[in-house]
Amino acid sequence: MFQTLDPPIQIIADKVIAGERLSFDDGVYLDESADLHTLGYLANIVRERKCGNAAFYNTNIHLNPTNVCVYRCRFCAFRADLKDEKAYTFDEAGVRARALEGRAAGATEIHVVGGLHHKKKFDWYLDLVRTIHETCPEIHIKAWTPVEISWFSFITKKSIRWVMEQMIEAGLGSMPGGGAEIFDPEIRKQLCEHKADSDVWFDVHRTAHELGLRSNATMLYGHIEQARHRIDHMLRLRKLQDETGGFQTFIPLAFHPENTELDNIRKPDGLFDLRMMAVGRLMLDNFDHVKAYWIMLGEQTAQMALSYGADDIDGTVVHELIYHDAGAKTPEGMTVDQMHRMIREAGREPVERDTLYRHVIRDGAKWHAAEAVLA
Ligand code: V47
Ligand code: SF4
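No experiment lies behind these values; they were computed from the predicted model shown. Throughout, a residue's number is its position along its own chain's written sequence, starting from 1. By the order in which they are written, chains take letters starting at A while ligands take numbers starting at 1. Residue-level local features of this predicted model are given only where pLDDT is at least 70; pairs of side-chain atoms are given and counted only at 80 or more, and the full residue set underlies all totals for whole chains, interfaces and linings.

A. Spotlight on the UniProt feature "domain: Radical SAM core" (unreviewed entry) in the protein. UniProt positions are given in the numbering used here, feature names are shortened, and annotations may be inferred rather than shown by experiment. Those residues carrying the UniProt feature "domain: Radical SAM core" (unreviewed entry) are residues 55-288 in this numbering. A run of H or I in DSSP becomes a helix once it reaches four residues, and a run of E becomes a strand once it reaches two; helices and strands are each numbered from the N terminus. For residues 55-288, the helix share is 44%, the strand share is 15%, and the end-to-end C-alpha distance is 13 Å.

In structure tokens, the structure reads:
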């Protein structure tokens, strides 16, 4: 099939087929110049090598404990000032109710991220994790980005390791991939000058991996960055993954401009989204999974993404706020039947996984996770 390709993509195709690692220049070429269908074809080879025809999803629920935030990231529509009309903060009863709502819906995971509240002490965040864990110990708590962990370290004057140990003791099970944005310092300065920089982001994930936690990694694309910043971002992730093997999933996140300071920028289109999935799948050869976060992509692009490198569409996601505040038009959640339909329509086989990619086996309202981790 590849005998008629132009030399640059032919050389890359040969490397992909031989299972060889791609370089920075290969990445920039794929991102800027490669024909999308060839790119997708190559990404699909790697995707099927790693996961066959499976497409993973999970049953989960979100909790954004507060939208009050000391930072002002220019891409964020979710944050609020203390006295804003839209400012909210969960109390303990609300946290417990959200965990119980998750249990009633059969959730295996609660995804927790939010703002950095000016007035809340570390114990508020710690108790929140403990409350969820004590209320529903069967639900895996995937919580806090490095931005939050480094804030907790700042307000307690303790090390990142100490903060994480406290969180693990309270019930933390893994970390989501947020707060990564784009690692390049020049871009980061323009997007979110004061929050945790890339060194801190990597320090937190390295520490999490050393403490036995698995974590995810995101990349926010389609704002002021260029191809070289995106490839640099991926190669930094690939490097830590070579060292620790602690990342599970790479999640490219499409910038949603509505209600943000960058609302003059157009939201990335579906072709850009598919390109990012495919480039991510090809560059991050040491990541097991690439996620097409359906709530952010929309159902149809997420379905296409399952043939452009992605093998996971995230979860049922009840109570999503970050993308809906920024203009996402997707539903705020999906039933398991709808997820099955969506995956089967895309020609893939739905497999329910837990946060750690173990097969979830259900018997009526009861469920358990299989021992083995799914490839
Ligand atoms: O860090 C915020 C991004 C992230 C916008 O690990 C925006 O399984 C686009 O990390 N447009 C939080 N993106 C969400 C996140 C995540 C989502 C789903 C699954 C997982 C996982 C992690 O959302 C932030 C930031 O990069 N974000 N505002 C916006 N306007
Ligand atoms: Fe705050 Fe997170 Fe929004 Fe930045 S992205 S302003 S840290 S809530």
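From this point, the discussion proceeds with the structure in view.
B. Focus on the site of ligand 1. In the vicinity of ligand 1 there are 22 residues, among which Pro 176, Gly 178, Asn 216, His 256 and Ala 326 approach most closely. Counting residues per element, the ones that place at least two in the shell around ligand 1 are strand S6 (214-221) and strand S7 (247-254). At three residues, the largest contribution of residues to the shell around ligand 1 is made by S6. Only Asp, Glu, Lys and Arg are considered charged in this grouping, and only Ala, Val, Leu, Ile, Met, Phe, Trp, Tyr, Cys and Pro are considered nonpolar; every other residue, Gly among them, is considered polar. Looking at side-chain class alone, the shell around ligand 1 contains 12 nonpolar, eight polar and two charged residues. Nearness here has a simple definition: the residue's C-beta atom, placed using the backbone, must lie within 6 Å of the molecule or strand.

C. A look at the nonpolar core. Under the definition applied here, buried Ala, Val, Leu, Ile, Met, Phe, Trp, Tyr and Cys residues are grouped into a nonpolar core through C-beta atoms within 7 Å. Labels follow a simple rule on C-beta atoms placed from the backbone: if 20 or more others lie within 10 Å of a residue's own, it is buried; if 12 or fewer, it is exposed; otherwise it is partly exposed. Core analysis: the largest hydrophobic core is formed by 107 residues, its most contacted members being Ile 110, Ile 132, Met 277, Leu 282, Ala 292 and Ala 305. Here this core takes seven residues from helix H11 (residues 270-283), the largest share from any one element. Here contacts are defined at the residue level, using C-beta atoms placed from the backbone and a cut-off of 7 Å between them. Apart from residues lying up to four places away in sequence, Ala 292 is in contact with Met 277, Leu 297, Ala 302, Ala 305, Leu 306, Ala 310 and Ile 313.

D. Seen up close, the environment of Thr 355. Position of Thr 355 relative to the elements: it lies in the loop between strand S10 (349-352) and strand S11 (358-363). Sequence separation of Thr 355 and Met 175 is 180 residues, and the distance between their C-alpha atoms is 9.8 Å. Those residues within four positions of Thr 355 in sequence are excluded, and the remaining contacts are Asn 58, Thr 108, Glu 109, His 140, Lys 142, Gly 173 and Ser 174.

E. Quick look at the confidence of the model for the protein. Confidence of the predictor in every single residue is expressed as pLDDT, which spans 0 to 100. On average, the protein scores 96 in pLDDT, and the residues at 70 or more come to 99%. What the predictor reports for the complex is a pTM of 0.97 with an ipTM of 0.99.

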